[in-house]
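# Overview (structure and organization)
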Amino acid sequence: MTLVWLLVLLLGIVVIAHLRLPLVPSLALVTVYLLAMSAADEVSGWLVAILWLLLIVTAVPLLVADLRRKYVSGPMFDWFKRVLPPISDTERDAIEAGTVWWDGELFSGRPDWNVLLDYPAARLTEEEQAFLDGPTETLCAMVSEWDIAQRLDLPPEAWDYIKEQGFFALIIPKEYGGKGFSAYAHSQIVMKLATRSGDLASTVMVPNSLGPAELLMHYGTDEQRSHYLPRLATGTDIPCFALTGPYAGSDAGAMNDSGIICRGQWQGEEVLGLRLNWEKRYITLGPVATLLGVAFKTYDPDHLLGDEDELGISLALIPTDTAGVEIGRRHLPLGAAFMNGPNWGKDVFVPLDAVIGGRDMIGKGWMMLMNCLSVGRSISLPATGVSAAKVCSYVSGRYAQIREQFGVPLAAFEGIQEPLARIGGNAWLMDAARTLTASAVDLGQKPSVLSAILKYHLTERGRVCVRDAMDIHGGKGIILGPNNYLGRLWQSAPISITVEGANILSRNLMIFGQGAIRCHPFVLKEMALVHEPDRDAAAAKFDQLLMQHIGFAIGNTASTLVLGLTLGRFGKAPGNELTRPYFLALNRIAAAFAMLADLSMMLLGGELKRRERLSARLGDVLSHLYLASAALKRYHDLGQPAEQDALLRWALEDCLHQCEIALRDILGNFPNRILGGLLQVLVFPFGARHHGPSDRLDAEVAAILGRPEGDPALEQLLDGLYRPQSPEEPLGALHHAFDSLKASQPAAKKLQQALKTGTFKPAPGADVIGTAQAAEVLSDDEAERLQEAEVARRRVIDVDDFSKEELELQAGRTR
């Protein structure tokens, strides 16, 4: 009986912690229970005495604030100040950039799913939809990927149309001549363009993401906005932004580009300005830009602005025809045709008015970049990643039905169904994450952590889709030419992995490294107190935060145990019969993640920054919690359509499996191996519960990709894909062949039956269809339909070839 009393006490404490009851009621409940234990004859007296002692030792510091501050939180605050690693200015700007949104809920360990579901669904205005259906479709029709690849440029008429229709002005407010479109519309437009041509999308998206327009809108002076934004909106000025240099890539703070505060001549007058020297590379639109944004470190050796010598990173806008500016030759990023190249400047003098935001924003460039990057990375690169997944879904689903091996379509093979399902499932999941994050931007958020999650996972999953599509297509995918619709995607996949923060950096350092501080409900506030001049006041605030932090950590530990033992059922969750179990499973993962994040930061402190693989795995859990959230939100916003159940299940099973893999690897490599083993039991009391999509589920998703166009699930999956209908177009040929083969299926079955039963036997090498028609096994109409289908099939299967003369570089040829 003593053991029963003790177990009930421990279980009660765990439940109290899981429910996160306030401190005083919690202590009161424990006290009442101990009184009952004391009155019970069967309970050992020495055990009761020990329990009362533990309660007193715990309760007194918690209830007596002065005592706690003197002996607990005060010394802990002093220790915290000593061990907190120094944070550079660029790190601080990155941490403080942007806003915290749903990622904060996930970091809490107890996300309120109703908050997520209540956010408004992403919608296009009539004007935005008209632009997508009109000019965007028209621009797609004006170009072809092969033509762009051969000329290494967009055709002149496409450049003119981009400027005339305002494609460079999607985000510029209408008052300056721009479109003033939403982030969701911006994402939809870029995605559709990218399904036609990656080079076309890159050309359009750069001025609308991290570029002068975005920076001017947020930080420019009134004069700068009035002068530059109308010119950018009409395409009179073509912008680029120069950040990366030979010695500063992912570590942009290492740049050695400089701007010296000095006096100089500008338009015939002596003014206070900057003498700039820089060398940049990998600058998209650089070769054709007329307006150059430049990041540089600012110095004031003569103290013309104040007492400091080093003022930090600043950003300036410089017309490319300014004396001393040099635009280099073009780069060819894996043969991609979008304009990209180096530039440099030698002793370029500009007035202080050239600094974006004017004199007041000198030295604040890194903060400006981080805030704008948190928005830009939420839109452009995720849109291109999703576009690749949609293209691969369409072409692989069609091709696997058209191409046959061993007398059956490729789609009938389980080995093909697996990559088909990965493509389709990823496409649906990625689109959900893209849509949710774009809508967050439209709600006024600047999701810095979520943008890193999207940039990494949507470009990586996009690359997986392209790889799987290449495997399905085999030789068809590797022979370049005007009929190859995958080769350029394959070639360019590493580009999106590399730009705007290399993916290795994003995963290992940014997602959790930034998120652990930015999204945690207490850590950033605790760190801020270290720099307060009044130690006693800071210690008092630290005491309050510490109390909340301890309760937070204990609550998540208890929730991890309770939800693990009850298989997640002892929790709150919305949803229907399909979705509610997934919400509950994510509750369990979120609690375990929050607990492990706290423990990792407590045990490692500043060392966690250097334990990159542990940080990466924690980031993987956070990332897949977010992707799963996006999938559930999308399904909810669509009205929980039954025809998309398989896509939702695939997405959730994959995300939960990836979460559990990351959690297992965290525990297996935990700094304290003994603690890691104990936590393994806490997090996985019954072992792993999610093993990824099953073979049957893969077959269901793969089947969706092979359905006729117009199917509701397939259309949702392909929404936003540019689909030319002409049989002369590679994608149009797929469409035509698929429809022709479907229409001829009754005749094909009739022919196969006749061959099988021996109704007629064509001579070896004879025209089977023609022979069947002559033998009246097939009617003239059936034979014609079959012949047309076979011609269409052959059009798809055929690959390109070239004469020796076509491949020779002729004298004077430039493309």
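Residues numbered from 1 in each chain as written. Predicted model: local features only at pLDDT ≥ 70, side-chain atom pairs only at ≥ 80, totals over all residues. Heavy atoms only, no water.

Moving on to the overall build of the chain. In terms of regular secondary structure, the chain is built from 33 helices and 9 strands. For the chain, the C-alpha radius of gyration of 31 Å lies close to 28 Å, the compact-globule estimate for 815 residues. Dimensions of the chain, computed from the C-alpha atoms along their principal axes, are close to 105 × 90 × 45 Å. Looking at the chain alone, contacts between residues at least 24 apart form 75% of all its contacts between residues at least 6 apart. Summed over its atoms, the accessible surface of the chain is roughly 35000 Å², and 56% of this surface lies on carbon and sulfur atoms. (Helix = DSSP H or I, 4+ residues; strand = E, 2+ residues; numbered from the N terminus. Rg over C-alpha atoms; globule rule 2.2 N^0.38 Å. Contact = heavy atoms within 4.5 Å. Areas by Shrake-Rupley, 256 points an atom, 1.4 Å probe, with all protein chains shown as cover.)

Another point: the pattern of salt bridges. It is possible for side chains of opposite charge to pair when their charged atoms get near one another. Inspection of every chain in the model, using the stated rule, returns 35 salt bridges. Among the ionic pairs, Asp431 bridges to Lys390, the shortest N-O distance being 3.0 Å. One end of the pair, Asp431, is in helix 16 (residues 414-442); the other, Lys390, is in helix 15 (residues 365-402), and 41 residues separate them in sequence. Assigned by exposure class, Asp431 and Lys390 land together as buried. Of the charged contacts in the structure, one is a salt bridge between Asp637 and Lys633, with a shortest N-O distance of 3.2 Å. (Salt bridge = Lys/Arg side-chain N within 4 Å of Asp/Glu carboxyl O. Buried < 20%, exposed > 50% of the residue type's maximum accessible area, 1.4 Å probe, protein only.)

Turning to the packing of helix 11 (residues 183-196) against helix 16, a few remarks are in order. Packing of helix 11 against helix 16 leaves a shortest axis separation of 7 Å and a crossing angle of 145°. For the pair formed by helix 11 and helix 16, the contact residues are Ala183, Tyr184, Ser187, Gln188 and Met191 on the first element and Asp431, Arg434, Thr435, Ala438, Val441 and Asp442 on the second. Tallied by class, the residues present in the contact of helix 11 with helix 16 amount to 5 nonpolar, 3 polar and 3 charged. (Axes fitted to C-alpha atoms, helices over the stretch in contact; angles between N-to-C directions. Nonpolar A, V, L, I, M, F, W, Y, C, P; charged D, E, K, R; others polar.)

With that settled, consider a nonpolar patch on the surface. Side chains of Leu23, Val24, Ile56, Val60, Leu63, Val64, Leu67, Tyr71, Val72, Met76, Trp79 and Val83 sit close together on the surface and give an oily, nonpolar patch of about 1000 Å² of accessible area. Those elements that provide at least two residues to the nonpolar patch are helix 2 (23-39), helix 3 (45-63) and helix 4 (65-83). When residues of the nonpolar patch are assigned to their parent elements, the largest contribution, 6 residues, is made by helix 4. Note on placement: Val83 falls in helix 4. (Patch = residues over 30% accessible without salt bridge, like charges linked within 9 Å, V, L, I, M, F, W, Y side chains within 5 Å.)

With that settled, the discussion passes to unusual backbone geometry. Outside of glycine, negative phi angles account for most residues, and trans bonds account for most peptide bonds. Positive phi, close to 65°, is recorded for Tyr282, a residue that is not glycine. As for its position among the elements, Tyr282 is in strand 3 (residues 269-284). Since its relative accessible area comes to 47%, Tyr282 is described here as partly exposed. One non-glycine residue, Glu776, lies in the positive phi region at around 60°. By secondary structure assignment, the location of Glu776 is in the loop between helix 31 (768-774) and helix 32 (780-797).

Turning to helix 19 (residues 487-498), its buried residues number three or more, namely Gly487, Arg488, Leu489, Ala493, Ile495, Ser496 and Ile497. Looking one or two residues beyond helix 19, the residue adopting positive phi is Glu500, at roughly 50°.

A separate point is the packing of helix 17 (residues 448-473) against helix 19. Here helix 17 crosses helix 19 at 165°, and the two axes come no closer than 9 Å. Judged by the inter-axis angle, helix 17 sits roughly antiparallel to helix 19. Taken as a pair, helix 17 and helix 19 cross one another with a handedness that is left-handed. Of helix 19, the residues touching helix 17 (which contributes Lys455, Thr459, Glu460, Arg463, Val466, Arg467 and Met470) are Leu489, Trp490, Ala493, Ser496, Ile497 and Thr498. When grouped by side-chain class, the residues that make up the contact of helix 17 with helix 19 number 6 nonpolar, 3 polar and 4 charged. (Parallel < 35°, antiparallel > 145°, perpendicular 65-115°, else oblique. Left-handed = near helix turned anticlockwise from the far one by under 90°.)

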